[in-house]
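Fold and contact review
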Amino acid sequence: PVNTPTPLPNDPAARLGNPAWSDGMDDSDNWPIGPDKYTSIEFKDGSMRLTGLSTTDGWRLSWPKLDDFYLEMTFQVGDCKASDRYGMFVRVPDSTNPDRGYLFGFSCDGQYSLRRWNASIGAKGEMINLVSWTNSPAIKAGANQTNKMGFMSTGSRLVLYANGQLLSEVNDSIFDEGFFGVFIGAKETEDFTVRVDQVRYWENPS
């Protein structure tokens with residue numbers, strides 16, 4: 001017999017029904033491929049392979065533009081060290097110049113954060129920690145782990161999830177809609193790589 005895990009009571013994916021959009025990440029139809037200055041993307045064996053080419057966080061975007069949504073991504077981590085990081089870049093106003101938005105990230109050592117980035121402020125841009133890097137037992141730490149990341153936005157309310165468990169909630173209204181994508185930062189491991197196995201979203205969650 002196969003045991004089916006019981007969904008956690010606060011897991012949005014268990015109560016929101018069918019997603020409005022889903023990408024099994026079998027091909028690059030919805031994503032850019034190849035290298036840039038900060039990242040590289042290839043699709044292989046039914047998933048995206050996202051590699052960090054720099055210690056600076058770099059990102060790639062998909063095409064849907066959203067305002068209120070619940071976004072869920074499944075990441076499989078390869079070899080990594082403590083501060084290597086990965087996650088979502090959301091509510092990005094301009095996909096052709098993705099210099100603003102929210103970075104929701106996990107680190108290899110089991111921490112999470114939510115940062116607001118705006119490159120148009122000051123000479124080097126402005127990064128605000130809405131949630132500083134915080135340990136959570138809900139995140140599977142270390143190499144060769146799989147984590148499901150969830151981000152819910154309804155107006156100014158931003159809610160963070162790990163593997164179906166609530167992490168934190170903040171209010172911020174600087175960016176109220178935009179595109180979404182993935183980010184990675186190879187802070188300690190050269191060519192730090194994660195596999196993105198599934199991406200899906202629900203519109204107007206409650």
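The structure contained in this document is the topic of the report that follows. (Residues numbered from 1 in each chain as written. Predicted model: local features only at pLDDT ≥ 70, side-chain atom pairs only at ≥ 80, totals over all residues. Heavy atoms only, no water.)

On to the pattern of salt bridges, then. For the structure on display, the rule yields twelve salt bridges. Here Asp11 ties to Lys148 by a salt bridge, and the two come within 3.4 Å at their closest N and O atoms. Of this pair, Asp11 sits in the segment before helix H1 (12–15) while Lys148 sits in strand E11 (residues 146–154), and the two are 137 residues apart along the sequence. With relative accessibility at 23%, the residue Lys148 sits in the partly exposed group. Where Arg100 meets Asp99, a salt bridge forms, and the shortest distance between an N and an O atom there is 3.3 Å. Given a relative accessible area of 26%, Arg100 falls into the partly exposed group. The class of Asp99 is buried, set by a relative accessible area of 17%. (Salt bridge = Lys/Arg side-chain N within 4 Å of Asp/Glu carboxyl O. Helix = DSSP H or I, 4+ residues; strand = E, 2+ residues; numbered from the N terminus. Buried < 20%, exposed > 50% of the residue type's maximum accessible area, 1.4 Å probe, protein only.)

Moving on: the side chain of Asn30. The topology assignment puts Asn30 in the loop between strand E1 (21–23) and strand E2 (34–35). Of the polar contacts made by the side chain of Asn30, one reaches the side chain of Asp23; its length is 3.0 Å. When residues no more than four places from it in sequence are discounted, the contact partners of Asn30 are Trp21, Asp23, Leu61, Ser62 and Trp63. (Polar contact = N/O pair within 3.5 Å; in protein donor to acceptor, adjacent residues only side chain to side chain. Contact = heavy atoms within 4.5 Å.)

So, to be careful, I would describe these as geometric facts and stop short of saying anything about function.
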